[in-house]
Amino acid sequence: MDNHLLHVLGITGGIGSGKSTVAGILKELGALVIDADKLCHQLLNVPEIKEKIHNIWPDAVIEDCGEANRTKLGEIVFSDKENVNRLNKILHPIVINEIKRQITAVKEEKKKAIIVIDAALLEETNLTTVCNSIIFVDTKLSLRKKRCKECRNWSDDEITKRERFQHLPETKIKRAAFVVNNNNTKSCTIEQVHGI
């Protein structure tokens, strides 16, 4: 197959920078978006995965209805590096394999396509190795905190707490082929993404 038919774009940036917004714009332009967060959320309620999580954090994870409580799990996991590593060992191999499976399936169709990987831990999980190029979504910290407070109901220090377990945005931007400034209006962001 001619490799030029398929281009895999990874999206990276700080927490709350607008990676999913950029992925959504690319989807509107015809790209296939693989949302790693969505895959993780789905996995949390797969019986075998849920059992593993329940065995590690029995009191804080399972709701009365039997579903994983993502908010409580996040509070526990992101308080301690060891907990982050334990959860990552459960979820990441499955998510990475699924992302690679989806890319392979598109390759086998031998059609021209752009695949976008929207993954918070794109670099930390080495998913950059399956990407042809990286887009960094550049958003100042004060704006990211404001967005997370409004959309996720996070306290001011939650981003700082969670970003301790990620590569610094300053490091991520250096590896990007494209940078989208997401500090202004959505139309400004759309215009930049269209340019890419």
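Novice: Give a detailed account of the environment of A36, specifying residues and quantitative values.
Specialist: Here A36 is to be found in helix α2 (residues 36-43). Residue class for A36 comes out buried when judged on its relative accessible area of 8%. Residues A36 and L73 lie 37 residues apart in sequence; the distance between their C-alpha atoms is 17 Å.

Novice: Could you give an account of helix α5 (residues 70-77), with specific residues and numbers?
Specialist: When we look at burial in α5, the residues that qualify are L73, G74 and V77. For α5, the buried positions fall inside an angular range of 100° around the axis, keeping them on one side.

Novice: Report on unusual backbone geometry, specifying residues and quantitative values.
Specialist: The phi torsion at K110 lies on the positive side, around 55°, for a residue other than glycine. For K110, the location among the structural elements is in the loop between α6 (81-109) and β3 (113-118). If you check the backbone angles, N153 has positive phi at about 60° while not being a glycine.

Novice: Run through the sheet that holds strand β5 (residues 178-181), naming residues and quoting values.
Specialist: Strand order in the open sheet formed by 5 strands is β2-β3-β1-β4-β5, and the pairing between neighbours is parallel. Two strands lie at the open edges of the sheet, namely β2 (32-35) and β5, each paired on one side alone. Strand-to-strand twist of the sheet, defined as the mean angle between neighbouring strand axes without regard to direction, takes the value 25°. Two strands pair when backbone bridges link them, and strand β1 (residues 6-13) and strand β4 (residues 133-138) are joined in this way by 5 bridges, in the parallel orientation.

Novice: Go over the packing of helix α3 (residues 47-56) against α6, please, and point to the residues and values.
Specialist: Where α3 contacts α6, the axes come no closer than 10 Å and their chain directions differ by 170°. Overall, the two elements α3 and α6 adopt an arrangement that is roughly antiparallel. Counting all contacts with α3, which are made through I49, K52, I53 and I56, the residues of α6 involved are R86, L87, I90, L91 and I94. Looking at side-chain class alone, the contact of α3 with α6 contains 7 nonpolar, no polar and 2 charged residues.

Conventions and cut-offs
Residues numbered from 1 in each chain as written. Predicted model: local features only at pLDDT ≥ 70, side-chain atom pairs only at ≥ 80, totals over all residues. Heavy atoms only, no water. Helix = DSSP H or I, 4+ residues; strand = E, 2+ residues; numbered from the N terminus. Buried < 20%, exposed > 50% of the residue type's maximum accessible area, 1.4 Å probe, protein only. Arc of directions from axis to C-beta. Pairing = 2+ DSSP bridges. Axes fitted to C-alpha atoms, helices over the stretch in contact; angles between N-to-C directions. Parallel < 35°, antiparallel > 145°, perpendicular 65-115°, else oblique. Contact = heavy atoms within 4.5 Å. Nonpolar A, V, L, I, M, F, W, Y, C, P; charged D, E, K, R; others polar.

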